[in-house]
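Survey of secondary and tertiary structure
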Amino acid sequence: MYKALLVFASYLLGMFPTARLVVGRAIEGGSGNPGASNAYRTAGRTKGLLVLLGDAAKGAVAAGAGYALGGRPLAFACGAAAVLGHVLPATRPARGGKGVATAAGMATVLLPALAPFSALTWAVVAKATGKASLASLAAVTILPGAAALTGRPAWEVAATVAVALLVVVRHTSNLRALARGEERSFR
């Protein structure tokens, strides 16, 4: 029973409105997305970084608590629940984030050897394209393959794929804008 409660608590943690608290109503500007990239665009570097760290902490704390109280399977379930809470919050179902930073926090705890490669991928793609969405998609999609290549168990790879797919699905509007040549730059 405590495991189900911990997963639910992780979902609630994921719902914590970091961007709304750091940036306020200004987060509704730009893309309207309550995430670090939009916070950066609408409120500047410092507030964007604070949102990034806050959202990443949600994934890290949830995964860390799951790991401490039930091992890796519970850690993956709690981390995924936090990402789900961030992207599909029950209190604002149509106003969730994209889940990139929360997934990065989860990955930092559960795949610490791979998380830096994902972050490096984000930095390289962002620098090359100026598109946070492309960088985010590259960073999140590299993790499942890297997990598989480094011999992680199949269930961990599957869980990583599920989180990555959730993040990719949340980027559908960005993918459409990219295809039309209308995607915003963060520079």
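Residues numbered from 1 in each chain as written. Predicted model: local features only at pLDDT ≥ 70, side-chain atom pairs only at ≥ 80, totals over all residues. Heavy atoms only, no water.

**Topic: the nonpolar core**
We apply this condition: For the purposes of this section, nonpolar cores are sets of buried Ala, Val, Leu, Ile, Met, Phe, Trp, Tyr and Cys residues that join through side-chain atoms within 4.5 Å. Note on classification: 1.4 Å probe, protein chains only; a residue is buried when its accessible area is under 20% of the maximum for its type, exposed when over 50%, partly exposed between these limits. For this analysis, residues touch if any pair of their heavy atoms sits within 4.5 Å.
The biggest cluster of nonpolar side chains holds 17 residues, and the ones touching the most others in it are Met-106 and Leu-110. Non-local contacts of Met-106, meaning those with residues more than four positions away in its chain, are made with Gly-59, Ala-60, Ala-63, Phe-76, Gly-79, Ala-80, Val-83 and Val-163. Core analysis: the next-biggest nonpolar cluster, separate from the first, contains 6 residues, Val-23, Ala-36, Ala-39 and Val-51 among them.

**As for the packing of helix α1 (residues 2-14) against helix α4 (residues 45-70)**
Our working definition: Note on geometry: axes are C-alpha line fits, over the in-contact stretch for helices, and angles between N-to-C directions span 0 to 180 degrees. Going along the chain from the N terminus, every DSSP run of H or I of four or more residues is numbered as a helix, and every run of E of two or more is numbered as a strand. Should an angle lie under 35 degrees it is considered roughly parallel, over 145 roughly antiparallel, and from 65 to 115 roughly perpendicular; all remaining angles are considered oblique. Under the scheme applied, nonpolar residues are Ala, Val, Leu, Ile, Met, Phe, Trp, Tyr, Cys and Pro; charged residues are Asp, Glu, Lys and Arg; polar residues are all the others, including Gly.
Where α1 contacts α4, the axes come no closer than 9 Å and their chain directions differ by 170°. One way to sum up the angle between α1 and α4 is to call them roughly antiparallel. The residues of α4 that touch α1, namely those facing Tyr-2, Leu-6, Ser-10, Leu-13 and Gly-14, are Lys-58, Val-61, Ala-62, Ala-65, Gly-66, Leu-69 and Gly-70. By residue class, the composition of the contact of α1 with α4 is 7 nonpolar, 4 polar and 1 charged.

**Focus on the side chain of Ser-136**
Short version of the rule: Whenever a nitrogen or oxygen atom comes within 3.5 Å of another N or O atom, the pair is scored as a polar contact, on the condition that within protein one atom can donate a hydrogen and the other can accept it, and that pairs from neighbouring residues in sequence are kept only if both atoms are in side chains.
As for its placement among the helices and strands, Ser-136 is situated in helix α8 (residues 132-149). There is a polar contact of 3.2 Å between the side chain of Ser-136 and the side chain of Trp-122. Contact partners of Ser-136, with chain neighbours within four places excluded, come to Val-100, Trp-122 and His-171.

**A closer look at a nonpolar patch on the surface**
Rule in force here: Grouping into patches uses exposed residues only, defined as over 30% relative accessible area, and leaves out salt-bridged ones; the cut-off is 9 Å for like charges and 5 Å for nonpolar side chains (Val, Leu, Ile, Met, Phe, Trp, Tyr). Here, Shrake-Rupley sampling with a 1.4 Å probe gives the accessible areas, and only protein chains in the shown set may cover a residue. One speaks of a salt bridge when a side-chain nitrogen belonging to Lys or Arg is within 4 Å of a carboxyl oxygen belonging to Asp or Glu.
Together, Leu-49, Leu-52 and Leu-53 make up an exposed nonpolar region whose accessible area comes to about 260 Å². Inspection of the secondary structure assignment puts Leu-49 in helix α4. The exposure class assigned to Leu-49 is partly exposed, which follows from its relative accessible area of 45%.

**Some details on helix α5 (residues 72-87)**
Threshold: Under the convention used throughout, the expected extent of a helix is 1.5 Å for every residue step, that is, one less than its residue count.
Along its 16 residues, α5 runs 23 Å from first to last C-alpha, staying within 8% of the 22 Å computed at 1.5 Å per residue. Within α5, 12 of the 16 residues are buried, which leaves it mostly tucked inside the rest of the structure. Taken together, the buried residues of α5 touch α1, α4, α6 (100-110) and α9 (154-170).

**Some words on the pattern of salt bridges**
Side-chain pairs of opposite charge can arise whenever the charged atoms involved come near each other. Scanning all chains against the criterion turns up 4 salt bridges. Here Arg-152 makes a salt bridge to Glu-156, at a shortest N to O gap of 2.8 Å. Residue Glu-156 is classed as buried on the basis of its relative accessible area, which comes to 1%. Here Glu-182 and Arg-180 are joined by a salt bridge, their closest N and O atoms 2.8 Å apart. Glu-182 gets classed as exposed once you look at its relative accessible area, which sits at 51%. Each of the salt bridges in this network shares a partner with another, and the network as a whole consists of Arg-72, Arg-152 and Glu-156.

**Observations concerning the layout of surface pockets**
Test applied: The pocket and cavity definitions rest on a 1 Å grid over protein atoms only: a 1.4 Å probe that fits but cannot leave marks a cavity, an open set with protein on both sides within 12 Å along at least five of seven lines marks a pocket, and residues lining either have an atom within 4 Å of a point. Grid points are joined across faces, edges and corners, and a volume is the space filled by probe spheres set on the points.
Computed from the structure, the largest pocket encloses a volume of approximately 1200 Å³. Forming the walls of the largest pocket are 50 residues, and the residues nearest its centre are Ala-36, Ser-37, Val-100, Ala-132 and Ser-136. Secondary structure elements with two or more residues in the lining of the largest pocket: α3 (36-43), α4, α6, α7 (115-129), α8 and α10 (172-180). In terms of residue count, the dominant contributor to the lining of the largest pocket is α6 (7 residues). Residue composition of the lining of the largest pocket, by class: 22 nonpolar, 19 polar and 9 charged. If you add up the space inside the second largest pocket, you get close to 150 Å³. Together, 15 residues line the second largest pocket, and Arg-20, Ile-27, Pro-34, Arg-92 and Arg-95 are the ones closest to its centre.

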